[in-house]
Amino acid sequence: PMFMDKNTRTTIWATELSSYLRQSFRIPDVHATDKPRRRLFVSRRSAIYRRLLNEDEILEALGHYGFESIDPANHTIEEQISLSSESEIILGPAGSGMSMAYFAPQSTEIVELRGGKPTVHTVRDHVKACGQNYHCVFGVTVGPKDRENLNNFWMPVEKVVRKVEQIAKSTSSTRTILSSAEHQL
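Residues numbered from 1 in each chain as written. Predicted model: local features only at pLDDT ≥ 70, side-chain atom pairs only at ≥ 80, totals over all residues. Heavy atoms only, no water.

Draft legend 1. Here's a closer look at unusual backbone geometry. Here R50, not a glycine, exhibits a phi torsion of approximately 55°, which is positive. Tracing the chain through its elements places R50 in the loop between β3 (38-42) and α2 (55-63). Positive phi values are uncommon outside glycine, yet S107 reaches one of about 75°. (Helix = DSSP H or I, 4+ residues; strand = E, 2+ residues; numbered from the N terminus.)

This is the structure:
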């Protein structure tokens, strides 16, 4: 079910497999109009590698923009798919939890937080194949250079907030994201 994209040299699911899974799980291509859209922060707090060391600080800043924290390990596959299908933004550290993004509607904004420079771009290539918008914010890894893609990392809060504001300005949900932040401040 996997193939290597000749341009990026990244191994990703075949488009037909993604389409089949999305149809089988009844994932809509567009956001439902009868439900509020969610903004998810995917936590790696319980992970062994690539943990975001200042996660609480990031969450506090994102709370002003209506983000809710979830740990995929605490949810069934069905619950993860349901959460994803209602999301307008999914943001979190690079790792397997970000695969929830594959089940979000097209045009969902996906923001991957990374410590080191990636050697592969699996999430980026998958979400682009699903018609979603990919963004990446880089922080600072803590640990040996030879394990940079596995190291825990620290993320400057202002960089994450700036990316959320940038997304807000470029999407139709600008008013809701910014008014949510203004209301809570």
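That was the structure; now back to the text.
Draft legend 2. A look at the sheet that holds β3. Sheet architecture is open: 5 strands sit in the order β4-β3-β5-β6-β7, paired in parallel fashion. Each of the sheet's edge strands pairs with one partner strand only, and the pair in question is β4 (67-70) and β7 (133-138). For this sheet, the mean inter-axis angle between neighbouring strands, taken without regard to orientation, is 20°. Strand direction decides the pairing type here: strand β5 (residues 87-93) and strand β6 (residues 109-114), joined by 5 bridges, are parallel. Bridged to L91 within β6 is V111. Across the face of the sheet, helix α4 (residues 122-129) comes into contact with β6 and β7 while running at roughly 160° to β7. (Pairing = 2+ DSSP bridges. Axes fitted to C-alpha atoms, helices over the stretch in contact; angles between N-to-C directions. Contact = heavy atoms within 4.5 Å.)

Draft legend 3. Up close: the environment of S85. By secondary structure assignment, the location of S85 is in helix α3 (residues 77-85). Given a relative accessible area of 17%, S85 falls into the buried group. Residues S85 and F103 lie 18 residues apart in sequence; the distance between their C-alpha atoms is 6.0 Å. Within the structure, the side chain of S85 is placed 2.9 Å from the backbone oxygen of S82, a separation counted as a polar contact. (Buried < 20%, exposed > 50% of the residue type's maximum accessible area, 1.4 Å probe, protein only. Polar contact = N/O pair within 3.5 Å; in protein donor to acceptor, adjacent residues only side chain to side chain.)

Draft legend 4. Spotlight on the pattern of salt bridges. Scanning the model with the defined rule gives 6 salt bridges in all. For R38, the salt bridge is made with E68, and the minimal N-O distance between the two is 2.8 Å. Placement of the pair is R38 in strand β3 and E68 in strand β4, with a sequence separation of 30 residues. Via salt bridges that share partners, R38, E68 and E86 belong to a single interconnected network. (Salt bridge = Lys/Arg side-chain N within 4 Å of Asp/Glu carboxyl O.)

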